[in-house]
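Read off the chains here:
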Amino acid sequence: MNNALVVIDVQESFRRLPDWEFVSQPDIVGQVNRLVTAARAQGHLVVWVLGSRPGSGTVFDPARGHVRLMDGLEPHPGDPLITKTAHNAFTTTNLHQTLTSHGVRRLTVCGIRTEQCCETTTRVASDLGFDVVFATDATATTPIPHRDAPQDLPFSRLVSDPRTLGVADVIARTEYALAGRFAAIRTVDELTGA
């Protein structure tokens, strides 16, 4: 069975957001690099995915210069580098075709927004028939403010709101929703044999 590591949205854009100081996995680059090294050693495909919102004027607008891999991540020549405009990495890209053309049947998913971009990509991959591994500690997320929280509050104040969902809860809920239905949940140590 051919395998691929799909690295989602580990990009500078997220470091520019006010919630980044509260991120669950500050060493996301180190964790991803461990997976990349292991994948390359086993001859697996490594696919890089960037999230983009052209014309938005946000940090996800390529014109702002932040839609690029975080420092410390180095694609090899020939690694697919895909840009998406949806949360999941399949809908607005040729990811499915890329994986299929390489004979990939098993994916390991890692990246930023555990519960959003990584989870939705995992679900779609499963629906498409891929065997998916969710590298839980090679994903990162931030607290989620309550839907009724005032939008104009600084994020540091939103984090102290007892209704805000903390990162541990976000990760646990994501793992619970994915495990056994859409993916196998694994750690970087398990996947790299550490």
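Parameters at a glance
Residues numbered from 1 in each chain as written. Predicted model: local features only at pLDDT ≥ 70, side-chain atom pairs only at ≥ 80, totals over all residues. Heavy atoms only, no water. Helix = DSSP H or I, 4+ residues; strand = E, 2+ residues; numbered from the N terminus. Expected span 1.5 Å × (residues − 1). Buried < 20%, exposed > 50% of the residue type's maximum accessible area, 1.4 Å probe, protein only. Contact = heavy atoms within 4.5 Å. Pairing = 2+ DSSP bridges. Axes fitted to C-alpha atoms, helices over the stretch in contact; angles between N-to-C directions. Salt bridge = Lys/Arg side-chain N within 4 Å of Asp/Glu carboxyl O.

- The name that an unreviewed UniProt entry assigns to the protein chain is Nicotinamidase-related amidase, with the source organism given as Streptosporangium brasiliense.

**What to know about helix α2 (residues 28–41)**
And step 1. Taking 1.5 Å as the rise per residue, α2 with 14 residues should run 20 Å; its terminal C-alpha atoms sit 20 Å apart, in good agreement.
And step 2. Residues of α2 that are buried include every one of Ile28, Val29, Gln31, Val32, Leu35, Val36, Ala38 and Ala39, and no others.
And step 3. Each element contacted by the buried residues of α2 is listed here: β1 (2–8), α1 (12–15), β2 (45–51), β4 (104–112), β5 (131–140) and α7 (188–192).

**A word on the sheet that holds β4**
And step 1. Pairing is parallel across the open sheet formed by 6 strands, whose spatial order is β3-β2-β1-β4-β5-β6. In the strand order of this sheet, the two ends are held by β3 (81–84) and β6 (184–186), each with one partner. This sheet shows a mean twist of 25 degrees between the axes of neighbouring strands, independent of strand direction.
And step 2. Here 7 bridges tie β1 to β4, and the two strands are oriented parallel to one another. The residue bridging Val7 from the neighbouring strand is Cys110, located in β4.
And step 3. In this fold α2 packs onto β1, β2, β4 and β5, with an angle of close to 145 degrees to the strand it touches most, β5.

**What to know about the pattern of salt bridges**
And step 1. Throughout the structure, instances matching the rule amount to 8 salt bridges.
And step 2. Put simply, Arg16 and Glu12 hold a salt bridge, and the shortest N to O gap is 3.5 Å.
And step 3. A relative accessible area of 45% means that Arg16 is categorised as partly exposed.
And step 4. Here Asp19 ties to Arg113 by a salt bridge, and the two come within 3.4 Å at their closest N and O atoms. With Asp19 in the loop between α1 and α2 and Arg113 in the loop between β4 and α4 (114–127), the pair connects residues that are 94 residues apart, well separated along the chain. Accessibility classification places Asp19 together with Arg113 in one group, the buried group.

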